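Coordinate inspection notes
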Amino acid sequence: MHTGRISFDKLPAMDVTALLDGLNPEQRDAVAAPLNHQLVLAGAGSGKTRVLVHRIAWLMQIEHLSPGSILAVTFTNKASKEMRHRIEELTGISPKHLWIGTFHSLAHRLLRTHWQQANLPENFQVIDSDDQLRLIKRIVRAMNIDETDFQPKQAQWYINQQKDEGLRAKHIQPFNDPRAQTMVTIYGAYEDACQRGGMVDFAELLLRAHELWLNQPSVLAQYQNRFRYMLVDEFQDTNSIQYAWLRVLAGDVIPVMAVGDDDQSIYGWRGAKIENILQFTEDFKGAQQVKLEQNYRSTSNILNAANAVIDNNPSRLGKKLWTEGEAGEPISLYEAFNEQDEARFICEQIEQWKIANSDKRYEKIAILYRSNAQSRVLEEAFIRAALPYRIYGGQRFFDRLEIKNAMAYLRLIQNRHDDAALERVINVPARAIGEKTVQQLRTLARENGSSLWQAVTQTVEHKTLTARALTSLTKFTQLIEDMENTCSDIELHEQVDHVIQSSGLIEHHQKEKGEKAQARLENLDELVTAAKSFNLEEAQEKQLENAPEDALIQSPMEAFLDQAALDAGDTQADEFEDSVQMMTLHSAKGLEFPLVFLAGVEEGLFPHKMSADDPVRLEEERRLAYVGITRAMQQLVITYAESRRLHGQEQFNSPSRFIREIPTEYIQEVRLKATIKKPVSNFFSTTAAKEATGLNIGQRVWHAKFGEGVILDMEGQGPQSRLQVSFDFDGTKWLVASYANLKPMDA
DNA sequence: GTTAAGGCATTTTTT
DNA sequence: ATGCCTTAAC
């Protein structure tokens, strides 16, 4: 409904054309659509975020929806922040009252507000997957279940998977499957433990929020009444419970705009349901569909390559990227001798690029790879070449051991019944409360259905342990009580500082040796700094005065703990130094770079061997290739290695099928100048053996006794030639060629 | 309560 | 090759 001309009382004036200016016809369709359901299929680089931001501006300024009546969901905190920022930039309206957040943060907000209706304690704690795993580990042990058979990791995976599907332990009927029965038992015990300790894991946030809708019609009605429009970004990444939550909330009353790209769905392995896109058009009747196919990022050579690759996926909704821009350079393809050579080549290319573009920054360059293990060799080569680099991913700040320990003390001050926190720090630093004592506490807690803290106090009162243990336990409880007392009336960062000091964590890490210790101490300092700047944000927020009905009454510490659990923060420091960006293909989604290297594009590595024989997973690998290719704006360089050392084993992979799927007209092979490709000794020693045997390194062969294998190396000459073969089942062996009688195999 | 030695797996990651 | 984790020994 276009509401025509209405006075823009408080909102800055902006007319219709300004919001649609610079948008292409499809983007305009999406932005200016009536308030009905909409599915926007947005190809890579097609201005997806732009459409979302303009759409929200349109809703506020043209449709006159109040910011508080618009809900926008993203998948990462980073994306939320970006959207807020761009909305403010475009409209000048403070995005304060917009409900923009991740599924998890929105669910969390609901549960904090409606904790009673959700059957949670008011001070419930969000636990991360690390805490979750520890808790499951304890449960599995306490239940005397064989840990080798039921690994906590698997149980964790199982539980999260069930929750993602909206299933509680009581819903699951394992019938005669004993394994499933045990899993369900573990799941049920885990649920009880969480409920007792007021702990909520990530999947639980979503599940509870969903159940809140189902069990509390009045709460649901309240929000259905409040929201006039909802938007979902990265829709292809929604899992079942997220979709269900959204669908129930929307009901028949709230129009939804889903934005996504089926070709960029790369998180199926963690529960994302690409099918939700199809489901959407069925469940949200009359949804208008818009395809954004014009690309503003890459050259047409790059786009054509991407289109050709993704075209090999049979089950697609179908999209074809195009550009008004130039063809650009062909895609470079380099066959490296091994992974060292590959890394060296990339360094050389970057050095040349820098000579030709001395005014441009290194951060315009990205190296993308399938798995993190590949970064090591690249890193070494970069250090040798003295090129600046930054590796994305890896451990996040709040995931670090020392930070988690410090946070556990803070959590314990906040909530004595947080068993996960107590277990973590009761003997860190060591205070003579050993495994045996803790075990007894656990037993006692289980018998009473109480928390560990209660077990500790009870033990101390009744003196049911050795005098030695009792002294230690008393000291510990005293420590925590003292901490709370001291912290009750000081600033947040002072609280953090005090806890770090008085807990003995500083001394604990000082005693550690090696470089790590120093880094840990620095991180603890950094935590105080983080608390300081958090204080600032809090203060600012208070000044702005949130709408009262949204206000959550939380102490700064509570808010700080929540943020630490839900927003792991930016990955690493050093982000200010201009450097080449190295990351996995997964973390590259949503980013773009003028120059992109795709490294290790080999069968077995990419597509990964774990996915190679499952058509569904293979399609996802191909989508990953599509994501990788479309990150490049001007120049794409693909490299692969003839041989690669991985997990201490030499491997001979053939070039990835994804390379073959790119039409040769878009590719230019790069040969190195006069550089010697292979180490000389190896080259000569293998030549004679090759002639004598008629076989080649990397070739697959068959042996009468050992079966199939791959030739890794050869040496010697004539009948004396020896071959090193890695057999699929019998390991690696050296064989004399004239006796081995190896038969070459195809493929 | 701390350290050394052996076993074992080893894609991708956000919340 | 490496790192993580459990177990065994100081």
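Fair warning: this is a prediction, and the values are worked out from it, not measured in the lab. (Residues numbered from 1 in each chain as written. Chains lettered and ligands numbered in written order. Predicted model: local features only at pLDDT ≥ 70, side-chain atom pairs only at ≥ 80, totals over all residues. Heavy atoms only, no water.)

With that settled, the discussion passes to the overall build of chain A. Scanning chain A from N- to C-terminus turns up 29 helices and 22 strands. Taken over 747 residues, chain A has a buried fraction of 53%. Sequence-distant contacts in chain A: of pairs separated by 6 or more residues, those separated by 24 or more amount to 75%. A total of about 34900 Å² of accessible surface is found on chain A, and carbon and sulfur atoms cover 50% of it. (Helix = DSSP H or I, 4+ residues; strand = E, 2+ residues; numbered from the N terminus. Buried < 20%, exposed > 50% of the residue type's maximum accessible area, 1.4 Å probe, protein only. Contact = heavy atoms within 4.5 Å. Areas by Shrake-Rupley, 256 points an atom, 1.4 Å probe, with all protein chains shown as cover.)

Judged by side-chain charge, E491, E494, D497, E522, D525 and E526 come together as a negatively charged surface patch. Residue assignment for the negative patch shows that the elements contributing at least two residues are α21 (492-503) and α23 (515-544). If one sorts the elements of the negative patch by residue count, α23 sits on top with three residues. Among the structural elements, E522 can be located in helix α23. (Patch = residues over 30% accessible without salt bridge, like charges linked within 9 Å, V, L, I, M, F, W, Y side chains within 5 Å. Salt bridge = Lys/Arg side-chain N within 4 Å of Asp/Glu carboxyl O. Lys, Arg positive; Asp, Glu negative; His and termini not counted. Charge placed at Lys NZ, Arg CZ, Asp CG, Glu CD.)

On to the nonpolar core. Counting 63 residues, the largest nonpolar core has L71, W245 and L249 as the members making the most contacts within it. With seven residues, helix α8 (residues 178-197) is the largest single contributor of residues to this core. If you count residues domain by domain, this core takes at least three from each of domain 1 (13-115 + 206-292) and domain 2 (125-197). Excluding its chain neighbours within four sequence positions, the residues that come into contact with L71 are W99, L106, F227, Y229, M230, L231, W245 and L249. (Core = buried A, V, L, I, M, F, W, Y, C linked by side-chain atoms within 4.5 Å. Domains from an automatic or database assignment.)

Turning our eyes to something else, we now look at the pattern of salt bridges. Once the charged atoms of two side chains with opposite charge are near each other, the side chains can pair. Overall, the coordinates contain 45 salt bridges when judged by the stated rule. A salt bridge links D567 to K81, with the nearest nitrogen and oxygen atoms 3.3 Å apart. You can see D567 sitting in the loop between α24 (556-566) and β12 (580-584) and its partner K81 sitting in helix α4 (residues 77-91), a full 486 residues away along the chain. Residue classification places D567 among the buried positions, given a relative accessible area of 15%. The salt bridge involving E592 is made with R297; its shortest N-O contact spans 2.7 Å. Of this pair, E592 sits in the loop between α25 (585-588) and β13 (593-598) while R297 sits in the loop between β8 (288-292) and α13 (300-310), and the two are 295 residues apart along the sequence. Taking relative accessible area as the criterion, E592 reaches 39% and is therefore assigned partly exposed. Salt bridges linked by common partners bring D128, D130, D131, R134, K404, R411, D418 and R424 together as one network.

This part covers the domain arrangement of chain A. As assigned here, chain A comprises domain 1 (13-115 + 206-292), domain 2 (125-197), domain 3 (303-396 + 575-675), domain 4 (397-533) and domain 5 (680-744). If you average the C-alpha positions of domain 1 and of domain 3, the two centres end up 32 Å apart. Every contact between the two is made by 21 residues of domain 1 and, on the other side, 16 residues of domain 3. Around 1600 Å² of area is buried between domain 1 and domain 3 when both sides are counted, 56% of it from carbon and sulfur atoms. Considering only the surface of domain 1 that becomes buried against domain 3, A44, D263 and I266 emerge as the three largest contributors, covering 38% of it. At the boundary of domain 1 with domain 3, the tally comes to six salt bridges. (Buried area = accessible area lost by both parts, 1.4 Å probe.)

Taken together, 29 residues form the shell around DNA strand B, and within it R370, N372, A432, T584 and R617 come nearest. Near the protein, meaning within 4 Å, the atoms of DNA strand B are sugar or phosphate in a fraction of 55%, with bases accounting for the rest. Here a phosphate oxygen of DNA strand B and a backbone polar atom of N77 are 2.6 Å apart. One nitrogen or oxygen atom from the side chain of W269 is found 3.4 Å from a base oxygen belonging to DNA strand B. (Near = heavy atom within 4 Å. Polar contact = N/O pair within 3.5 Å; in protein donor to acceptor, adjacent residues only side chain to side chain.)

The next point concerns helix α19 (residues 452-462). All buried positions along α19 are accounted for by L452, W453, A455, V456 and T459. The buried residues of α19 all sit within an arc of 160° when viewed along its axis, so they share a single face. Buried residues belonging to α19 abut α17 (419-425), α18 (435-448) and α20 (467-487). Residue K463 follows α19 closely and has a positive phi angle near 50°. (Arc of directions from axis to C-beta.)

This paragraph deals with the packing of helix α16 (residues 401-414) against α24. Packing of α16 against α24 brings their axes to within 11 Å, and their N-to-C directions diverge by 135°. When the interaxial angle is binned, α16 and α24 end up oblique. Regarding α16 and α24, the two cross each other, and that crossing is left-handed. Contacts between α16 and α24 pair M407, L410, R411 and Q414 from the former with M557, E558, F560, L561 and A564 from the latter. (Axes fitted to C-alpha atoms, helices over the stretch in contact; angles between N-to-C directions. Parallel < 35°, antiparallel > 145°, perpendicular 65-115°, else oblique. Left-handed = near helix turned anticlockwise from the far one by under 90°.)

Here we take up unusual backbone geometry. Here the amide bond leading from V428 into P429 is cis, since omega sits at -5°, within 30 degrees of zero. By secondary structure assignment, the location of P429 is in the loop between α17 and α18. Even without glycine at this site, A386 takes up a positive phi of about 55°. Positionally, A386 belongs in the loop between α15 (375-385) and β11 (389-391). A residue is classified by how much of its surface remains accessible, and A386, at 64% relative accessible area, is exposed.

Let's shift gears to the sheet that holds β12. Read across the open sheet, the seven strands follow the order β11-β12-β10-β13-β14-β9-β17; overall the sheet is parallel. The sheet is open, and its two edges are formed by β11 and β17 (667-670), each paired on a single side. Taking each pair of neighbouring strands and ignoring which way they run, the sheet shows an average axis angle of 25°. Across five bridges, the pairing between strand β9 (residues 331-336) and strand β14 (residues 632-641) is parallel. Looking at the pairing, S332 lines up with V637 of β14. (Pairing = 2+ DSSP bridges.)

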